[in-house]
Amino acid sequence: MICDLHCHTTLSDGSLGIEDVIVQAKRMNIDFLSITDHDTLSSFSRANILGERYGVKMLQGVEMSAWDKDRNSKVHILCYAPKKPDRLEGLCLKSCEIRKACSKEMIDKVMELYPITRESVLKHCTGSKSIYKSHIMRALIEYGYALEFYGKLDDELFNLETGTCLVEREYPDVNFVLDLIHSARGVAVMAHPALYDNIELLDDLAKRKKIDGVEVYHYSADEAKRKELLDIAQRYDLIVTGGSDFHGLYNAVPTHLGSNTTSKENLDRIIKLSNKI
């Protein structure tokens, strides 16, 4: 059984719509798919209908934005199978508003350096619940200032440490996000801990029994990081997941649906836990 539990659509920062993603999953012989758009539950009902149509089983998911206040860094939490998803709506809306405010400031900063228009960015996110750096880069590419999404210009503008146009604000506290996910009767899994250097946080959350699982199989984790994450998962009996983190045209590295996966055993653990919560 092939299970990809992390991918994105045009509802957040992916370039393909829900149907295109599910059709591609079918081509890849994926049995279980979770669409985990950032801070939006909007895919849930349509994904279920299309999944039935194309013969791909869907696990409801969302990737929640959070902040580790102790280490002053962002962290993403994957929420699976929430039985009371309405409880997450307010938090999703708040996080989308934070992202939109940051993105509008970034667009203003970019426009001071490059004569693009606000409309040239916004036309690429009409279906999205927010505005992302990839939408800004797409406008810059269209007007000839770059040839790729993750090259020299992206680094100059949006590098996490030196980007001249990067604007970031704190998202809701990770402990609050985890408590809300559990109140919504969802399963909480830390997404790609190696990407934002969240491994120390993971150990702390697992020790306090605040987190249910960890995404080990992700392109950002090399073999050494995967071993470190697996050791933590074994120590605290965490669910171990994997996913492609597919974004289509906006992929940070070449990655396709099914390029990283979750075992049936761990999928079963997610479903079993969601029924218990």
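Topic: the layout of surface pockets
Taken as a whole, the largest pocket spans an internal volume of roughly 960 Å³. Along the walls of the largest pocket sit 37 residues, with Asp 13, Lys 74, Lys 133, Tyr 150 and Tyr 196 positioned nearest its centre. Listed by contribution, the elements that provide at least two residues to the lining of the largest pocket are strand 5 (73–80), helix 3 (89–113), helix 5 (133–142) and helix 6 (152–158). Ranked by residue count, the leading element in the lining of the largest pocket is helix 3, at 4 residues.

Details of the sheet that holds strand 3 (residues 57–58)
If you trace the 3 strands from one edge of the open sheet to the other, you get 1-2-3, paired in parallel fashion. Among the strands making up the open sheet, the edge pair consists of strand 1 (3–7) and strand 3. Two strands pair when backbone bridges link them, and strand 2 (residues 32–35) and strand 3 are joined in this way by 2 bridges, in the parallel orientation. Across the sheet, the residue bridging to Phe 32 is Lys 57, located in strand 3.

With respect to the pattern of salt bridges
Under the definition given, this model contains 17 salt bridges. Salt-bridge contacts for Arg 46 lead to Glu 19; the nearest nitrogen and oxygen are separated by 3.6 Å. Of this pair, Arg 46 sits in helix 2 (residues 44–54) while Glu 19 sits in helix 1 (residues 18–27); the two residues are 27 residues apart in sequence, bridging distant segments of the chain. Residue Glu 19 is classed as partly exposed on the basis of its relative accessible area of 27%. Among the ionic pairs, Lys 100 bridges to Glu 97, the shortest N-O distance being 3.7 Å. Of this pair, Lys 100 and Glu 97 both sit in helix 3, 3 residues apart, which is roughly one turn of the helix.

Digging into the nonpolar core
Met 64, Ile 77, Leu 88 and Ile 211 are the most contacted members of the largest nonpolar core, which has 32 residues in total. Put simply, the parts of the chain that give this core at least two residues each are strand 4 (61–68), strand 5, helix 3, helix 7 (174–183), strand 6 (187–190), helix 8 (199–207), strand 7 (213–217) and helix 9 (223–236). If we skip the residues at most four places from it in the chain, Ile 77 touches Val 62, Glu 63, Met 64, Val 174, Leu 178, Ile 181, Ala 188, Val 189, Met 190, Ala 191 and Ile 211. If you look at the next biggest cluster of nonpolar residues, it comprises 25 residues, including Trp 67, Ile 98, Ile 116 and Ile 131.

Re unusual backbone geometry
Even without glycine at this site, Asp 39 takes up a positive phi of about 55 degrees. In this structure, Asp 39 sits in the loop between strand 2 and helix 2. Backbone geometry at Asp 197 places phi at a positive 55 degrees, although glycine is not the residue there. Looking at the secondary structure, you find Asp 197 in the loop between strand 6 and helix 8.

As for the pairing of strand 4
Along a regular strand, successive side chains alternate from one face of the sheet to the other. Burial within strand 4 is extensive, with 8 of its 8 residues counted as buried. A two-sided burial pattern is seen for strand 4, the buried positions comprising Gly 61, Glu 63, Ser 65 and Trp 67 on one face and Val 62, Met 64, Ala 66 and Asp 68 on the other. Here strand 4 pairs with strand 5 via 8 bridges, running antiparallel. Counterpart to Glu 63 in the pairing with strand 5 is Leu 78. Counting the residues that bridge the hairpin from strand 4 to strand 5 gives 4 residues, and of these Asn 72 lies at a positive phi of roughly 55 degrees.

Brief notes about empty space enclosed by the protein
On inspection of all chains with the given rule, the structure shows 1 cavity of 30 Å³ or more. Along the walls of the largest cavity sit Ile 35, Ser 43, Phe 44, Ala 47, Asn 48, Met 58, Leu 59, Gln 60 and Gly 61, which together make up its complete lining. Examining the composition of the lining of the largest cavity, we find that 3 residues originate from one element, helix 2, more than from any other. Residues of the lining of the largest cavity, tallied by class, amount to 5 nonpolar, 4 polar and no charged.

Details of helix 3
Here helix 3 spans 36 Å end to end across 25 residues, near enough to the 36 Å set by a 1.5 Å rise per residue. The inward-facing, buried residues of helix 3 contact strand 4, helix 4 (118–122), helix 5, helix 6 and helix 7.

Remarks on the sheet that holds strand 6
Where strands meet in a sheet, backbone hydrogen bonds hold them as pairs that are either parallel or antiparallel. Taken in spatial order, the 5 strands of this open sheet run 4-5-6-7-8, and their pairing is mixed. Of all the strands in the sheet, the pair left with one neighbour each is strand 4 and strand 8 (239–242). Strand-to-strand, the axes of this sheet are offset by a mean angle of 35 degrees, without reference to chain direction. The sheet strands contacting helix 7 are strand 4, strand 5 and strand 6, and the helix crosses strand 4 at an angle near 150 degrees. Packing of helix 10 (residues 264–276) onto the sheet brings it into contact with strand 5, strand 6 and strand 8, and relative to strand 8 it is tilted by some 120 degrees.

How each quantity is defined
Residues numbered from 1 in each chain as written. Predicted model: local features only at pLDDT ≥ 70, side-chain atom pairs only at ≥ 80, totals over all residues. Heavy atoms only, no water. 1 Å grid on protein atoms, 1.4 Å probe; cavity = no way out; pocket = protein on both sides within 12 Å on 5 of 7 lines; lining within 4 Å. Points joined across faces, edges and corners; volume = space filled by probe spheres on them. Helix = DSSP H or I, 4+ residues; strand = E, 2+ residues; numbered from the N terminus. Pairing = 2+ DSSP bridges. Salt bridge = Lys/Arg side-chain N within 4 Å of Asp/Glu carboxyl O. Buried < 20%, exposed > 50% of the residue type's maximum accessible area, 1.4 Å probe, protein only. Core = buried A, V, L, I, M, F, W, Y, C linked by side-chain atoms within 4.5 Å. Contact = heavy atoms within 4.5 Å. Nonpolar A, V, L, I, M, F, W, Y, C, P; charged D, E, K, R; others polar. Expected span 1.5 Å × (residues − 1). Axes fitted to C-alpha atoms, helices over the stretch in contact; angles between N-to-C directions.

Remember that the coordinates give geometry; whether it matters functionally is a separate question.
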